[in-house]
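Fold and contact review
In case you want the letters, here they are:
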Amino acid sequence: MFLLILFLIIAAIIAVSAFNSSAKTKGKKGEKRVIAHAEKHLDEKKYTVLNNCTFKISDQLTTQIDHIVVSRFGVFVIETKNYQGWIFGAEHQKMWTQKLYKKSYQFQNPLHQNYRHIKTVQHLLDGVVEPEDLHSVVVFVGDSTFKTDMPSNVLHGREWINYVKSFHEEVMSSVKMQRICQTLEKHALERSRKTDSTHVKNLKKFHG
């Protein structure tokens, strides 16, 4: 009996570990798609893309931003979601819904999630960038379909490129762009597996 219980516990641990690893891999694949979009469709002379930026908020809390696009037309903070199935959601809903194979799953409204990222960038760039020049963008990649009307800054696939390019008014100089990138890179933690692992642990502690 003891051996059976031990076997079930070990099996459960392996299953959870495999699920977390799969989710992480899926997320990284989604981020790579967005990076590929940027490399192909954004002029390097006009746009600078910073990927996988982790910032320390307090001694026990960090925040991780998938992509930050710095341009003379504003700073775009991008949250990437690699989901399949039907997606239901509204701007002010706390939770959104993914329907996949007749099953429904809830996930945090990515706009709310990205709001925290926006506030972090706003704090780091205080006095450098006006709040109205910071833009939140949510990008869904993968075989997903929106089944409700989405806000204009929630997009699918490479549609986000057109959204970013729809901002034409220059609000900063190339010198300020460079200053912004230097400031963000200065405050970003080292890009490493250790940083990613510590960030996940901090999230688990924060959410209890």
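1. Quick word on helix 2 (residues 110-124)
Owing to its 3.6 residues per turn, the α-helix aligns residues three or four sequence positions apart on the same side. With 15 residues, helix 2 should reach 21 Å at 1.5 Å per residue; the first-to-last C-alpha distance of 21 Å fits that figure. When helix 2 is considered as a whole, its buried residues turn out to be Pro 110, Leu 111, Gln 113, Asn 114, His 117, Ile 118, Thr 120, Val 121 and Leu 124. End-on view of helix 2: buried residues confined to an arc of 165 degrees, all on one side of the axis. Away from its buried face by more than 90 degrees, helix 2 exposes Tyr 115 and His 123.

2. Quick word on the confidence of the model for the protein chain
The share of residues in the protein chain with pLDDT of 70 or more is 79%, and the mean pLDDT across the chain is 85. Here helix 5 (residues 193-206) is the element of the protein chain with the lowest mean pLDDT, 57, and helix 3 (residues 159-165) is the one with the highest, 98. In this model residues 8-21 is a low-confidence stretch, pLDDT under 50, and it forms one contact with partners more than four residues away in sequence or in other chains.

3. Observations regarding the pairing of strand 1 (residues 47-58)
The pairing of strand 1 with strand 2 (residues 61-71) spans ten bridges and is antiparallel. The residue of strand 2 that forms the bridge with Phe 55 is Thr 63. Hairpin remark: strand 1 followed by strand 2, antiparallel, with two residues in the connecting loop.

4. Quick notes on the pattern of salt bridges
Tallied over the full model, the rule gives two salt bridges. Between Arg 72 and Glu 170 there is a salt bridge; the shortest N-O distance is 3.1 Å. Placement of Arg 72 in the loop between strand 2 and strand 3 (74-82) and of Glu 170 in the loop between helix 3 and helix 4 (174-187) is noted, with a sequence separation of 98 residues between them. Judged by relative accessible area, Glu 170 falls into the partly exposed class, the value being 47%.

Conventions used here
- Residue numbers run consecutively from 1 along every chain, following the written order of its sequence.
- Local features in this predicted model are restricted to residues of pLDDT 70 or higher, and side-chain atom pairs are both shown and tallied only at a pLDDT of 80 or more, whereas totals for entire chains, interfaces and linings draw on every residue.
- The side-chain values count all of the structure's non-hydrogen atoms but skip hydrogen atoms and water molecules.
- Strands are runs of DSSP state E lasting at least 2 residues, helices are runs of H or I lasting at least 4, and numbering of each runs from the N terminus.
- Here the expected span of a helix is defined as 1.5 Å times the quantity of residues minus one.
- A simple rule labels every residue: compare its accessible area, found with a 1.4 Å probe on the protein chains alone, to the largest value its type can have, and call it buried under 20%, exposed over 50%, or partly exposed in between.
- By definition, the arc is the one covered by directions from the helix axis to the C-beta atoms.
- The predictor attaches a confidence to each residue, called pLDDT, with possible values from 0 through 100.
- What makes two residues a contact is simply this: any of their non-hydrogen atoms within 4.5 Å.
- Two strands make a pair as long as DSSP finds a minimum of two bridges between them.
- One side-chain nitrogen of Lys or Arg within 4 Å of one carboxyl oxygen of Asp or Glu is enough to make a salt bridge.

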